[in-house]
Amino acid sequence: AFQTFTAWCNSHLRKAGTSIDNIEEDFRNGLKLMLLLEVISGETLPKPDRGKMRFHKIANVNKALDFIASKGVHLVSIGAEEIVDGNLKMTLGMIWTIILRFAIQDISVEEMTAKEGLLLWCQRKTAPYKNVNVQNFHLSFKDGLAFCALIHRHRPDLIDYSKLSKDNPLENLNTAFDVAEKYLDIPRMLDPDDLQNTALPDERAVMTYVSSYYHCFSGAQKAETAANRICKVLKVNQENERLMEEYERLASDLLEWIRRTMPWLNSRQADNSLAGVQKKLEEYRTYRRKHKPPRVEQKAKLETNFNTLQTKLRLSNRPAYLPTEGKTVADIANAWKGLELAEKAFEDWLLAETMRLERLEHLAQKFKHKADAHEDWTRGKEEMLQSQDFRQCKLNELKALKKKHEAFESDLAAHQDRVEQIAAIAQELNTLEYHDCISVNARCQRICDQWDRLGALTQRRRTALDEAERILEKIDILHLEFAKRAAPFNNWLDGTREDLVDMFIVHTMEEIQGLIQAHDQFKATLGEADKEFNLIVNLVREVESIVKQHQIPGGLENPYTTLTASDMTRKWSDVRQLVPQRDQTLANELRKQQNNEMLRRQFAEKANVVGPWIERQMDAVTAIGMGLQGSLEDQLHRLKEYEQAVYAYKPNIEELEKIHQAVQESMIFENRYTNYTMETLRVGWEQLLTSINRNINEVENQILTRDSKGISQEQLNEFRSSFNHFDKNRTGRLTPEEFKSCLVSLGYSIGKDRQGEMDFQRILAVVDPNSTGYVHFDAFLDFMTPEYCIQRMPPYKGPNAVPGALDYMSFSTALYGETDL
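The shown structure was predicted, so the numbers you read here are calculated from the model rather than taken from an experiment. (Residues numbered from 1 in each chain as written. Predicted model: local features only at pLDDT ≥ 70, side-chain atom pairs only at ≥ 80, totals over all residues. Heavy atoms only, no water.)

Enquirer: Could you clarify how one ought to interpret the overall build of the chain in this entry?
Expert: Counting its regular elements, the chain contains 26 helices and four strands. Its C-alpha atoms give the chain a radius of gyration of 82 Å, more than 25% over the compact-globule value 28 Å for 821 residues. Over its C-alpha atoms, taken along the principal directions, the chain stretches across nearly 245 × 80 × 55 Å. If you take every contact in the chain between residues at least 6 apart in sequence, the share linking residues at least 24 apart comes to 72%. Surface accessibility of the chain: about 45,700 Å² in total, with carbon and sulfur atoms responsible for 52%. Separation between the mean location of the 108 positive side-chain charges and that of the 123 negative ones in the chain comes to 13 Å. (Helix = DSSP H or I, 4+ residues; strand = E, 2+ residues; numbered from the N terminus. Rg over C-alpha atoms; globule rule 2.2 N^0.38 Å. Contact = heavy atoms within 4.5 Å. Areas by Shrake-Rupley, 256 points an atom, 1.4 Å probe, with all protein chains shown as cover. Lys, Arg positive; Asp, Glu negative; His and termini not counted. Charge placed at Lys NZ, Arg CZ, Asp CG, Glu CD.)

Structure, rendered in structure tokens:
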């Protein structure tokens, strides 16, 4: 580009007698730049500043840039300072802008301009040449044949094209550049080596060079065109007569067609439907596509023929052609202008009408779409809002329904805009005079009426739901209150019923009086209990009243408890009946305990007399049995007296037995008024009788023993005294150990060895032949008499002693010590 632009600038500057050597430096002061623009434009620029200061240079460059801009060129990012500072990129950009504007922009081929026109010109001029195919301004010119073809096409005398080969690109390039410079005054702007060695040659450089060829050969082209025109004029002169006749015929036909067409174009009749207008629009399109084009050709032909005819006549120095009146070119032009105005107005009307009706149709569709959507949404809503479904609900279900209704209310509010939009669209359809306004208005009215109904029904349902909720909440509160009160009251009733029928066993007046006192205290609480019962029952009655009044299904069912008012009533009734029954039971028991107390006192009074009497008799009999009160005959007499007295006392025992039977029948097990029981009295009585009988028997036996053994009263007393000494418990008998101790004390020798034990067992067998484990006084006496007297008394040596006599006195003294006897 650097070399090409320099050569291009010099090809013009030489006409002013100057040139540039360095494109980067020689335009910096702006002087040669202004000169270049004057040469290529043929115009004079403002006078340059002659100073050498930087601002002078900037001013000159700006004058050049302003001139370029005045030619309609938009200088992008090119400033005077960069040119003055020798910015090569900016300078080359500026030169390329000048080349485009003054060397390429005015090139025009078949209405194409600039680059496309220049390329088309090259393609047409090189079309007949083989090995040349111009598609661009870089690769297509690389082998030089395109340049040679352009020269040969215009000056076949300068190049023998048939001798050129695609295989010799450098030779081809040099041939073209040399011939152009020598014979066509086109300076060498490109370097053949650069073109060959560059993969993609500089398009701007090639375009600049090719434009020089175009400007060189365009003069020859104009001459060629002029020659052709002369030929045509000569040809037209031969057809003058024919053209005149054809003009008259064509003009008549065209005017008649315009006259027939105008009423149709001026008509504004339509059925106010999109289909009708679209039919008219289709007719108009058919007219424009099918009927008018031949008439356009006819008019063009007519005008061409007329102009041609006039030109031919003028060139032939013949008078101008005057068509028949009303058929002049001006008449036709006026008629055609009227036709075009009518067409424009008709088309505008059709388009406006189409737009209007399309908008109407769109609005109608929009109305239908929104109305369909709204009606779909409202379907079933009235029935839903009128539904009495909540009448069957529990409280939690009702609250859920209420939430659902609140959501519906929000949804309804959100749909308000849709209804308003539907009404607004209907209003617009009326304003724009839609062809089916009647049905639109009817549907809109239905939607609005239904909307009003939905609003009223929504409010009514909201009120009904609130009321139902209020009622169910009231019932729920009553149910809950019933459950809270009924449970403890029911527990109290169950406990009370158990207490009232509770079996009890009492043995004392204090116990029954305690039960009666507790029962009286319980009866004092019955008033409060009755209040609580009535309050609980009234809760149920209130529920029943509300349920009956508002017809609430399942409203009587209490979700908080399984207890019912009838349960409470039945149990309360039971308690009320059990209270007097308990009164009676306790009164009966009191009477029983009073009777028992009387029996206790009767028994105690008698027992407290009988018991001591038996004990006194027993003591007296025991004292007699000890043998220390007179002779055996005295003892026997007194024992017999006691025996009679005891038998005489028996009715007292029998009376006690009767009282005791009554006590036992009354289940009395203790008596705090006496320490005597019937059992102890019976045992005492039997022991007394037994003791008397035994003592009588013993005394009688002792008398027999005394008499048979010849024992004196004194001896008997001594034996008794010894026996009683070891009878510590005064039982009238000795244990074996007490008996052994008694024998030892009497001087009886019992060894501590086995032999001694055997001797003792032998003695025991004598005194206790029945092995009772005791030795009674009469057995002791029976044993002591022969053994003791015979074996242990010393011989009597006193005066009047008989042979074998024993000394009893010294024996007794030795055994018991001195005696009063």
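Having seen the structure, we can now continue with the description.
Enquirer: For this particular structure, what's the right way to read the pattern of salt bridges?
Expert: Close approach of charged atoms allows side chains with opposite charge to pair. With the rule as written, the count across this model stands at 61 salt bridges. As a salt-bridge pair, aspartate 178 and arginine 188 come within 2.3 Å of each other at their nearest N and O atoms. Here aspartate 178 is found in helix H8 (residues 169-183), whereas its partner arginine 188 is found in the loop between H8 and helix H9 (192-197), with ten residues between them in sequence. Among the residues examined, aspartate 178 registers a relative accessible area of 39% and is labelled partly exposed. Judged by its relative accessible area of 26%, arginine 188 falls in the partly exposed class. With a shortest N-O distance of 2.9 Å, glutamate 532 and arginine 485 are connected by a salt bridge. Of this pair, glutamate 532 sits in helix H18 (residues 526-550) while arginine 485 is found in helix H16 (residues 437-500), placing the two residues 47 residues apart along the sequence. Within the structure, one salt-bridge network assembled from shared partners comprises Lys399, Lys402, Glu409, Arg462, Asp466, Glu469 and Glu473. (Salt bridge = Lys/Arg side-chain N within 4 Å of Asp/Glu carboxyl O. Buried < 20%, exposed > 50% of the residue type's maximum accessible area, 1.4 Å probe, protein only.)

Enquirer: What is the right way to read the environment of valine 329 from this model?
Expert: Mapped onto the elements, valine 329 comes out in helix H13 (residues 329-378). Under the relative-accessibility criterion, valine 329 is labelled partly exposed at 24%. Once the C-alpha coordinates of valine 329 and tyrosine 247 are considered, the two residues, 82 residues apart in sequence, prove to be 9.8 Å apart. Excluding residues that lie within four positions of it along the chain, valine 329 makes contacts with Tyr247 and Phe306.

Enquirer: Explanation requested: helix H2 (residues 31-41) in the structure shown.
Expert: Buried within H2 we find Leu33, Met34, Leu36, Leu37 and Ile40. End-on view of H2: buried residues confined to an arc of 160 degrees, all on one side of the axis. Backbone geometry just downstream of H2 places glycine 42 in the positive-phi region, at approximately 75 degrees. (Arc of directions from axis to C-beta.)

Enquirer: Explanation requested: the packing of aromatic side chains in the structure shown.
Expert: Geometry of an aromatic ring pair is reported as the spacing of the ring centres plus the angle between the planes. The tally for this structure, following the rule as stated, stands at 32 aromatic pairs. Look at phenylalanine 147 and phenylalanine 177: their rings are 5.5 Å apart centre to centre, the planes differ by 65 degrees, and that puts the pair in the edge-to-face class. Separated by 30 residues along the polypeptide, phenylalanine 147 in helix H7 (residues 145-154) and phenylalanine 177 in helix H8 bring together distant segments of the chain. Aromatic pair tyrosine 209 and tyrosine 213: ring centres 5.0 Å apart, planes at 75 degrees, arrangement edge-to-face. (Phe/Tyr/Trp six-rings, centres within 6.5 Å; stacked < 30°, edge-to-face > 60°.)

Enquirer: What exactly am I supposed to notice about the nonpolar core here?
Expert: In this structure, Ile98, Phe141, Phe147 and Tyr213 are the most contacted members of the largest nonpolar core, which totals 76 residues. For this core, the element with the most residues is helix H5 (residues 88-104), which contributes nine residues. Leave out the neighbours within four places in its chain, and phenylalanine 141 touches Cys122, Val134, Asn136, Ala146, Phe147, Leu150, Leu173, Val206 and Val210. (Core = buried A, V, L, I, M, F, W, Y, C linked by side-chain atoms within 4.5 Å.)

Enquirer: How should I be thinking about the UniProt feature "coiled-coil region" (unreviewed entry) in the chain in this particular structure?
Expert: Mapped onto this numbering, the UniProt entry annotates "coiled-coil region" (unreviewed entry) at residues 233-260 and 391-418. In this annotation, residues 391-418 is assigned 86% helix and 0% strand; the end-to-end C-alpha distance for the span is 32 Å. (UniProt positions renumbered as here; feature names shortened; annotations may be inferred.)

Enquirer: Quick question: what am I supposed to make of the domain arrangement of the chain here?
Expert: Interface extent is often summarised as the accessible area lost during association of the parts. Here the chain is described as being made up of domain 1 (225-359), domain 2 (598-704) and domain 3 (711-815). Taken together, the twelve residues of domain 2 in the interface contact twelve residues of domain 3. Across the interface of domain 2 and domain 3, roughly 970 Å² is buried in total on both sides, 52% from carbon and sulfur atoms. On the surface where domain 2 and domain 3 come into contact, there are zero residue pairs in polar contact (both at pLDDT 80 or more). Mapped by element, the contributors of at least two residues to the side of domain 2 that touches domain 3 are helix H19 (565-625) and helix H21 (678-709). Looking at the side of domain 2 that touches domain 3 element by element, the count peaks at four residues for H21. (Domains from an automatic or database assignment. Buried area = accessible area lost by both parts, 1.4 Å probe. Polar contact = N/O pair within 3.5 Å; in protein donor to acceptor, adjacent residues only side chain to side chain.)

Enquirer: For this particular structure, what's the right way to read the side chain of lysine 381?
Expert: As for its placement among the helices and strands, lysine 381 is situated in helix H14 (residues 381-386). The buried charged residue lysine 381 lacks any salt bridge, with aspartate 411 as its nearest oppositely charged partner at 5.9 Å. Beyond its immediate sequence surroundings of up to four residues, lysine 381 is in contact with Phe408 and Leu454.

Enquirer: Explanation requested: unusual backbone geometry in the structure shown.
Expert: The bulk of non-glycine residues show a negative phi, and the bulk of peptide bonds are trans. We note that glutamate 433 has phi near 60 degrees; this positive angle belongs to a residue other than glycine. Within the secondary structure, glutamate 433 is located in the loop between helix H15 (395-431) and H16. In this model, glutamine 551 sits at a positive phi of 50 degrees, which is unusual for a non-glycine residue. Structurally, the position occupied by glutamine 551 is in the loop between H18 and H19. Given a relative accessible area of 61%, glutamine 551 falls into the exposed group.

Enquirer: Whenever I open this one, H5 confuses me. Can you help?
Expert: Spacing of three or four residues puts side chains on the same side of an α-helix, whose turn is 3.6 residues. With 17 residues, H5 extends 22 Å between its outermost C-alpha atoms, agreeing within 8% with the 24 Å of an ideal straight helix rising 1.5 Å per residue. Counting buried residues in H5 gives 13 out of 17 residues, a clear majority hidden from the surface. The residue sitting at the N-terminus of H5 and contributing the capping side-chain oxygen is asparagine 87; that oxygen lies 3.1 Å from the backbone nitrogen of lysine 89. (Expected span 1.5 Å × (residues − 1).)

Enquirer: Any chance you could explain the environment of asparagine 695 here in plain terms?
Expert: You can see asparagine 695 is positioned in helix H21. The class for asparagine 695 is buried, based on a relative accessible area of 5%. On a C-alpha basis, the gap between asparagine 695 and phenylalanine 147 in space is 188 Å, while along the polypeptide they are 548 residues apart. Apart from residues no more than four positions distant in its own chain, asparagine 695 is found in contact with Val621, Gly625 and Leu639.

Enquirer: Quick question: what am I supposed to make of the packing of H16 against H18 here?
Expert: Helix packing geometry: the angle between the two helix axes and the distance between the axes. At a minimum axis separation of 10 Å, H16 and H18 run at an interaxial angle of 150 degrees. The angle between H16 and H18 places the two elements in the roughly antiparallel class. Of the two elements, H16 crosses H18, and the hand of that crossing is left-handed. Residues of the contact of H16 with H18, tallied by class, amount to 17 nonpolar, two polar and five charged. (Axes fitted to C-alpha atoms, helices over the stretch in contact; angles between N-to-C directions. Parallel < 35°, antiparallel > 145°, perpendicular 65-115°, else oblique. Left-handed = near helix turned anticlockwise from the far one by under 90°. Nonpolar A, V, L, I, M, F, W, Y, C, P; charged D, E, K, R; others polar.)

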